[in-house]
Amino acid sequence: SWRSPGFAQTGKDPVVCVSWEDAQRFVRWLSQITKTSYRLPSEAEWEYAARASTTGPRYWDQLLDTCRYANVDHAPPNCDDGYEKTAPADRQDLVPNAFGLYDMLGNVLEWTADCANGGYSGGPVKGEAWIAGNCASKMARGGAWIHGLREIRSAYRVSFSQEFRATMVGFRVARTSP
């Protein structure tokens, strides 16, 4: 469970072992108590934020620099960030992407608002969530601490049942502008 994922975590680590439904309940709760509208980002919003105006597979250039930008288990040689599983979200030793965002790649896969679709053909064109397709499954992005560099890239996407929970899956919230 998110309270006890099977490894040590602090209040500063990203939440894991949460389903898409759990994440949706959280953003509803957060919106209610803050009186501000929060939600899961769409896949398009997530990728835009992860890329931060870059066009390569990652928002950093040199693979040997991976540990400076992400928490990755199967990192290049001589690249050990010191964390066996998840890493705290407030790490000061990481370099953010050009938008100032940390851990967009690695650490945990992040749920998005989108239903599962095999590609982008026929999908929304203005950045909104794709709410058609296989909506019993939802899309997650970014790769996780357990992944290798093949998955730790801005375009990596995977679908899971919306009830799926794992130690490598969490979420990030987006705030809707008034």
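Residues numbered from 1 in each chain as written. Predicted model: local features only at pLDDT ≥ 70, side-chain atom pairs only at ≥ 80, totals over all residues. Heavy atoms only, no water.

Colleague: How should the packing of aromatic side chains be read in this particular structure?
Modeller: Each aromatic ring pair is described using two quantities: the centre-to-centre distance and the angle formed by the ring planes. For the coordinates displayed, the defined rule picks out nine aromatic pairs. Relative to Tyr-69, the ring of Tyr-59 lies with its centre 6.2 Å away and its plane at 75°, an arrangement referred to as edge-to-face. In this pair, Tyr-59 sits in the loop between helix H2 (43–51) and helix H3 (66–69) while Tyr-69 sits in helix H3, placing the two residues ten residues apart along the sequence. The pair Tyr-59 / Tyr-69 is uniform in exposure class, with both members buried. Its guanidinium or amino end placed over the ring of Trp-20, Lys-138 lies 4.2 Å from that ring's centre, counting from NZ or CZ. (Phe/Tyr/Trp six-rings, centres within 6.5 Å; stacked < 30°, edge-to-face > 60°. Helix = DSSP H or I, 4+ residues; strand = E, 2+ residues; numbered from the N terminus. Buried < 20%, exposed > 50% of the residue type's maximum accessible area, 1.4 Å probe, protein only. Lys NZ or Arg CZ within 6 Å of the ring centre and 35° of its normal.)

Colleague: Explanation requested: the sheet that holds strand E3 (residues 134–141) in the structure shown.
Modeller: Within a sheet, neighbouring strands are paired by backbone hydrogen bonds and run either parallel or antiparallel to one another. Strand order in this open sheet of four strands is E4-E3-E2-E5, and the pairing throughout is mixed. Every interior strand has two partners, whereas the edge strands, strand E4 (157–161) and strand E5 (169–171), have only one. Within the sheet, the average angular offset between the axes of one strand and its neighbour, ignoring direction, is 50°. Bridge count between strand E2 (residues 109–116) and E5: three bridges; the pairing is parallel. (Pairing = 2+ DSSP bridges. Axes fitted to C-alpha atoms, helices over the stretch in contact; angles between N-to-C directions.)

Colleague: For this particular structure, what's the right way to read the pairing of E2?
Modeller: Two faces make up the sheet, and in a regular strand the side chains alternate between them. Judged by how many residues are buried, E2 sits mostly within the fold: eight of eight residues are covered. Note that E2 and E3 share four bridges and pair antiparallel. By the bridge assignment for E3, Trp-111 is matched with Ala-140.

Colleague: Just to check I follow, could you spell out the layout of surface pockets for this structure?
Modeller: In this approach a probe as big as a water molecule rolls over the atoms, and the regions it shows empty are the leftover space. The calculated volume of the largest pocket comes to roughly 320 Å³. Residue lining of the largest pocket: 16 residues in total, with Pro-14, Ala-89, Asn-107, Phe-171 and Arg-172 positioned closest to the centre. Across the lining of the largest pocket, the residue classes tally to six nonpolar, three polar and seven charged. Of the pockets and cavities examined, the second largest pocket occupies roughly 170 Å³. Considering the residues around the second largest pocket, the lining is formed by 13 residues, among which Glu-43, Ala-44, Asp-114, Tyr-120 and Pro-124 are closest to the centre. With three residues, H2 is the largest single contributor of residues to the lining of the second largest pocket. Split by residue class, the lining of the second largest pocket holds five nonpolar, two polar and six charged. (1 Å grid on protein atoms, 1.4 Å probe; cavity = no way out; pocket = protein on both sides within 12 Å on 5 of 7 lines; lining within 4 Å. Points joined across faces, edges and corners; volume = space filled by probe spheres on them. Nonpolar A, V, L, I, M, F, W, Y, C, P; charged D, E, K, R; others polar.)

Keep in mind these numbers describe shape, not what the thing actually does.
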